[in-house]
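So you can see what is in the structure, the chains are spelled out below.
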Amino acid sequence: RTGLSALAGGGIGVLANLFMTLTALRPTASAAGALGRILLGSFMKVAVTATLFFVAARTGKVVWPAMLVAFVATLVVFWFVPVLATRMRRVKVGT
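Residues numbered from 1 in each chain as written. Predicted model: local features only at pLDDT ≥ 70, side-chain atom pairs only at ≥ 80, totals over all residues. Heavy atoms only, no water.

(A) Structural detail: the overall build of the protein. Each helix and strand in the protein was counted, giving three helices and zero strands. N-terminal to C-terminal, the α/β element order of the protein is α-α-α. Each of the three principal axes of the protein carries a C-alpha extent, and together these read 50 × 40 × 10 Å. In the protein, once contacts between residues fewer than 6 apart in sequence are set aside, the share between residues at least 24 apart is 69%. (Helix = DSSP H or I, 4+ residues; strand = E, 2+ residues; numbered from the N terminus. Contact = heavy atoms within 4.5 Å.)

What follows is the structure in C-alpha cells.
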C-alpha cells in the first residue's frame, strides 16, 4: 500500500502539472489572452489536484505520508529542474 500511495501522489503531481501546461501553452492572439490561459491553467492545476486527492481519500486505503511526500517531490522537481537546467546551460556556454 505504501508504494501504491507514493505512486498515486506522484501521479497526482504529474497529472495536475500536465493539465496546467496543456492549458497554459495553447496559442493566443494577445498578451491578455496568454495571461488568461496561465490563470486558467493554474485554476485547472488546483482543481485537478483537489479532485484527485479527494478521490484518493475516498478509497480509505491511502498511506498519507507516502502519498504527500511523493506529491511534494514532484513539485520540487517541477520547480528546480528548470533552474538547474538553466545553470547547466550557462556553464556550457561559459566554457
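(B) Quick look at helix α2 (residues 31-59). Relative to the 42 Å expected for 29 residues at 1.5 Å per residue, α2 spans 42 Å between its end C-alpha atoms, a close match to the ideal helical length. Residues of α2 that are buried include every one of G41, V48, T49, F53 and A56, and no others. Taken from the residues just after α2, G60 is the one with a positive phi, measuring 75°. (Expected span 1.5 Å × (residues − 1). Buried < 20%, exposed > 50% of the residue type's maximum accessible area, 1.4 Å probe, protein only.)

(C) Broad picture of the environment of F54. By secondary structure assignment, the location of F54 is in helix α2. Residues F54 and L18, 36 residues apart in the sequence, show an inter-C-alpha distance of 19 Å.

(D) The arrangement of helix α1 (residues 2-24) in detail. With 23 residues, α1 extends 33 Å from end C-alpha to end C-alpha; this agrees with the ideal 33 Å at 1.5 Å per step. Every buried residue of α1 is listed here: S5, G9, G10, I12, G13, A16, N17, T23 and A24.

(E) Spatial organisation of a nonpolar patch on the surface. Nonpolar side chains collect at one region of the surface, where V72, V76, W79, F80, V83 and L84 lie side by side and expose about 610 Å² of accessible area between them. Turning to its location among the elements, F80 is positioned in helix α3 (residues 64-94). (Patch = residues over 30% accessible without salt bridge, like charges linked within 9 Å, V, L, I, M, F, W, Y side chains within 5 Å. Areas by Shrake-Rupley, 256 points an atom, 1.4 Å probe, with all protein chains shown as cover. Salt bridge = Lys/Arg side-chain N within 4 Å of Asp/Glu carboxyl O.)

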